[in-house]
Amino acid sequence: MKEIPPAYNPQDHEAQIYSIWEKSGAFTPEVPNETPTSAEASERDSGSPSANTAKKPFAISMPPPNVTGKLHIGHALFITIQDIMTRYHRMKGEPTLWLPGTDHAGIATQSVVDKALQKKGTSRRELGREKFVEEVWKWKQQYGDEITRQLRSVGASCDWSRERFTLDEGLSRAVSEAFKRLYDKGLIYQGLRTVNWCPKCHTAIADDEVEYKKETGKFYHIKYGPFTLATARPETKLGDTAVAVHPSDKRYKEMVGKKYMIKGVLGDFEIEVVADNAADPKFGTGAIKVTPAHSLIDFEIAQRHNLPIKQVIDENGRMMQNTGKYAGMKTREAREAIVEDMQKMGLIEKIDENYQHNIAVCYRCGGQIEPIPSKQWFVKMRPLAEKAKKAVESGEVKIVPKRFEKVYFQWMDNIRDWCISRQLWWGHRIPVWYYKQEDQKSKVKNQNDNEKIENPKIYVGTTPPPDPENWIQDEDVLDTWFSSALWPFSTLGWPDEQASDYKYFYPTSVMETGYDILFFWVARMVMMGLELTDKPPFKTVYLHGLVRDEQNRKMSKSLGNVLDPLDVSAKFGTDAMRMALVVGTTAGNDIAVGEGKIKGYRNFSNKLWNIARFVISNIEDGSIQINDLELSKDLKLSKQDEQDIKKFKEIAKKTTEYLDKFQFSRAGEMLYDFTWHEFADKIIEQAKDRLNNGSEEDKRAVLAKLLFILKGILGLLHPFIPFVTEAIWQIIPKTSGESELLISHAWPTYEGED
RNA sequence: GAUCGUGUAGCUCAGUUGGUUAGAGCGCGUCGUUGACAUCGACGAGGUCACUGGUUCGAGUCCAGUCACGAUCACCA
């Protein structure tokens, strides 16, 4: 008899078990032959069951982590939830695909590599585009595997043979194909518009990549011709071209449509008074100065009233040549200088010192955003949003929890066009070429005033133009989220609609991700999926929350409360960590996790191990044949035995129901409770007497019951705690009908047995 | 400012079609265990389910309002 150690030590098992799984091929689903031969077809018609055609496939695309990223507890959470679904459906016999991959993460990766270069005394600009991109690829080769190695250590049973990277050849093809199709439909256009510009990252960013930070600053009330109005940024006054008031504001009724000369620090200038709903009559004096070049709102006002656009700040965040003595100053310096001059001229009425306002910062680098006019590419969102909204309204796409549907609708209703070009080097280069003769300077930005853009002769294609020497490709790359938006289908072979994976697994079953990227990612996937494939890319969206510490604080380095999933799983076991992340949490809500909770589930793993140890040792003590312990055999089960078995079957049924309804916490908690407080504390305790003193026949009956329940529990718990359950499965006596590996075993179900 | 969410035991949270004495883990108290169990078991204390009102035979659960906290969106007028 083999000695089973009295304690379960995860480290003795996990790595080995993972490699057994991986080698077994269990992670890779079988795709049935798409075009069945006539023989196969007739075989199917004749009703002979074929494992893969009988069941519908189940597919999840894994949200791709950043290539250069390091595994954090949030990854561990989504891996756990997705792995639970994957293992559950796989055990149910459905061909199950969980497709992993990584994201090139434009700005993030570029700045990481750039910083590393700067440490070495060089920089991205010094190297030039080509060399720099080579450097980033080297980084990707070197560090890109780290994150996927770490995903394995958390037990992710995903199909590594289908691993993808957003800059792979196939996915890049999908990106340019998508761009071209949208362009041809008029859904992508180029425009000179005021955009959110990050002077630090030196690129435009999308509206939803802007974050707001509270700041206390000065608020200047200035004399402005016949008006008095207030601003926190007097330096933008140099770019003013209008004053806006609300159409219903009686105070200014007679001024609307007239032009006034305004006294300014660089001499007098002319503004027009326009009536626009953007002006709130209740705020301040009800009149606002309009600086179309340096405010997105003002730009929109300018468009509505056909106002001139005057740019005075450049892409480095400095005052431009047309600002006279202020030229070259940073905006903050210029502000002080201008205020001083205005005070001398008596143009300042008063200054509020403690004005609370929000400043726009870049979500990547935290630098202050400087809206400037710039020529960028945009996606026309309205038509896409309408379809995407309908898909959720109709129930074609379900969001769990449901309340996020409202948030989703709100976003869709108030959507603005999406700026997709980025002035970066790392990413998908925009598949647009300009004809050299006509538009050498097509990318010149910062044109003064409202110079119209000449539409250059352009070529949009998935491959370069046939005579490339005459063309020059757009310098910019696409927003990372553009390629992410295609992820559920680009990874399956789209645009090749005949690709077997695409045909078989698309649309995917579930999209599991954090509620924080509902807009960035989920919404855009739905829009792109509907537009490009005519189908929503998934049927259900399951949103999880943020992982917080046990006091419900955000995890941060400065608080020192960051849980490193690799440390945790080394210390308590991956299974314990997984249980801690899943039990006691519900969709869309944040999760509090600390060592105490994880420890509790470490004990649970150990409990389960000892339950098994007890049952196995009792089997091996006797002379009973394993095949004689099957419930189908003639056994003298007591009434109690039958009740216990019935109770267990009820648990199995409920587990299935909970999992089908995405109630992972309830399933996990119920199994925990049953295993420990029912099976161990009652059923096993009561069995002891019969095992020690009962007749052979009675012993056999009890033992058969214990073994039956134990094996069932292992199956039910396997999606949650795959390692211990598999480790136990490896040492438990099995009958000939049972699978060697628990991962490939059938899901415990007893439909129609009673 | 708009919208959404949360408020249940000392702490972290479950409680999804309204139905008997409101649950778990951790923590706490008493006792017992070292022949499955880096422990484990038995028993226990602890709750006006934020507050007010309503619907109902019956409300933690549904409705209205109040308070507190949080999030998202909009905003540098």
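Note: the structure precedes this text.
Summary of the structure given here.

Definitions and cut-offs
Residues numbered from 1 in each chain as written. Chains lettered and ligands numbered in written order. Predicted model: local features only at pLDDT ≥ 70, side-chain atom pairs only at ≥ 80, totals over all residues. Heavy atoms only, no water. Phe/Tyr/Trp six-rings, centres within 6.5 Å; stacked < 30°, edge-to-face > 60°. Buried < 20%, exposed > 50% of the residue type's maximum accessible area, 1.4 Å probe, protein only. Lys NZ or Arg CZ within 6 Å of the ring centre and 35° of its normal. Pairing = 2+ DSSP bridges. Helix = DSSP H or I, 4+ residues; strand = E, 2+ residues; numbered from the N terminus. Expected span 1.5 Å × (residues − 1). 1 Å grid on protein atoms, 1.4 Å probe; cavity = no way out; pocket = protein on both sides within 12 Å on 5 of 7 lines; lining within 4 Å. Points joined across faces, edges and corners; volume = space filled by probe spheres on them. Nonpolar A, V, L, I, M, F, W, Y, C, P; charged D, E, K, R; others polar. Core = buried A, V, L, I, M, F, W, Y, C linked by side-chain atoms within 4.5 Å. Near = heavy atom within 4 Å. Polar contact = N/O pair within 3.5 Å; in protein donor to acceptor, adjacent residues only side chain to side chain.

### Let's talk about the packing of aromatic side chains
Here's step 1: Scanning all chains against the criterion turns up 40 aromatic pairs.
Here's step 2: Relative to Phe27, the ring of Tyr18 has its centre 5.4 Å away and its plane inclined at 55 degrees; by these criteria the two rings are tilted.
Here's step 3: Exposure remark for Phe27: the relative accessible area of 3% places this residue in the buried category.
Here's step 4: Judged by centre distance (6.3 Å) and plane angle (80 degrees), the rings of Phe662 and Phe664 are edge-to-face.
Here's step 5: By the ring-pair criterion, three or more aromatic residues cluster together here, those being Tyr18, Trp21, Phe27 and Phe723.
Here's step 6: The lysine or arginine in question, Arg87, covers the ring of Trp21, its NZ or CZ lying 4.1 Å from the ring centre.
Here's step 7: Above the plane of the ring of Trp418 lies Arg524, whose end atom (NZ or CZ) is 4.0 Å from the centre.

### Focus: the sheet that holds strand E14 (residues 372–379)
Here's step 1: Read across the open sheet, the 4 strands follow the order E6-E5-E14-E16; overall the sheet is antiparallel. The sheet terminates laterally at strand E6 (203–205) and strand E16 (418–419), the two strands that pair on one side only.
Here's step 2: Note: E14 against E16, 2 bridges, orientation antiparallel. For Val379, the partnering residue across the bridge sits in E16 and is Trp418.

### A look at helix H8 (residues 169–184)
Here's step 1: Taking 1.5 Å of rise per residue, 16 residues should cover 22 Å, and H8 covers 22 Å from first to last C-alpha, within 8% of that figure.
Here's step 2: Looking at H8, one finds that the buried residues are Leu171, Ala174, Val175, Ser176, Ala178, Phe179 and Leu182.
Here's step 3: Remark: Gly186 follows H8 within two positions and exhibits a positive phi of approximately 80 degrees.

### Points about the pairing of strand E8 (residues 227–231)
Here's step 1: The two faces of E8 differ: Phe227, Leu229 and Thr231 on one face are buried, but Thr228 and Ala230 on the other face are not.
Here's step 2: As paired strands, strand E7 (residues 210–224) and E8 are joined by 5 bridges and run antiparallel to one another. Within the sheet, the bridge partner assigned to Lys223 lies in E8 and is Thr228.
Here's step 3: What sits between the antiparallel neighbours E7 and E8 is a turn of 2 residues, in which Gly225 has the positive phi angle 60 degrees.

### Here's the deal with empty space enclosed by the protein
Here's step 1: The final tally for this structure, using the stated rule, is 4 cavities of 30 Å³ or more.
Here's step 2: Estimates place the volume of the largest cavity at around 140 Å³.
Here's step 3: What lines the largest cavity is a set of 14 residues, among which Arg193, Thr194, Asp207, Leu296 and Phe378 lie closest to the centre.
Here's step 4: Going through the elements one at a time, strand E5 (188–198) and helix H9 (296–305) are the ones with two or more residues in the lining of the largest cavity.
Here's step 5: At 4 residues, the largest contribution of residues to the lining of the largest cavity is made by E5.
Here's step 6: Of the residues that constitute the lining of the largest cavity, the class distribution is 7 nonpolar, 2 polar and 5 charged.
Here's step 7: Considering only enclosed or pocket space, the second largest cavity measures out at about 60 Å³ in volume.
Here's step 8: What lines the second largest cavity is Leu77, Ile81, Tyr542, His544, Gly545, Leu581, Val582, Thr585, Thr586, Asn589, Ile591 and Phe664.
Here's step 9: Among the residues forming the lining of the second largest cavity, the class breakdown is 7 nonpolar, 5 polar and no charged.

### What to know about the pairing of strand E10 (residues 259–262)
Here's step 1: Across 4 bridges, the pairing between E10 and strand E11 (residues 269–275) is antiparallel. By the bridge assignment, Lys259 is partnered in E11 with Glu272.
Here's step 2: In this structure, the hairpin formed by E10 and E11 is closed by a connection of 6 residues, where Gly267 is found at a positive phi of approximately 95 degrees.

### Some remarks on the nonpolar core
Here's step 1: In terms of nonpolar packing, the biggest core is built from 99 residues, with Phe648, Phe664, Phe679 and Leu706 touching the most fellow members.
Here's step 2: Among the elements that make up this core, the one with the highest residue count is helix H21 (residues 664–693) (12 residues).
Here's step 3: Grouped together as the second largest cluster of nonpolar side chains are 64 residues, Ala391, Val432, Tyr504 and Leu518 included.

### Brief notes about the protein's contact with RNA strand B
Here's step 1: Lining the immediate environment of RNA strand B, one finds 51 residues, of which Ala7, Phe283, Ile288, Asn358 and Trp676 sit closest.
Here's step 2: Sugar and phosphate atoms form 61% of the subset of RNA strand B atoms that lie within 4 Å of the protein.
Here's step 3: At 2.9 Å, a side-chain N or O of Glu685 approaches a base nitrogen of RNA strand B.
Here's step 4: Within the side chain of Lys688, one N or O atom sits 3.1 Å away from a base nitrogen of RNA strand B.
Here's step 5: Within the residue set of the surface near RNA strand B, elements represented by two or more residues are E7, E8, strand E13 (348–362), helix H12 (404–413), helix H19 (595–621) and H21.
Here's step 6: With 10 residues, H21 is the largest single contributor of residues to the surface near RNA strand B.
Here's step 7: Residue composition of the surface near RNA strand B, grouped by class: 22 nonpolar, 15 polar and 14 charged.

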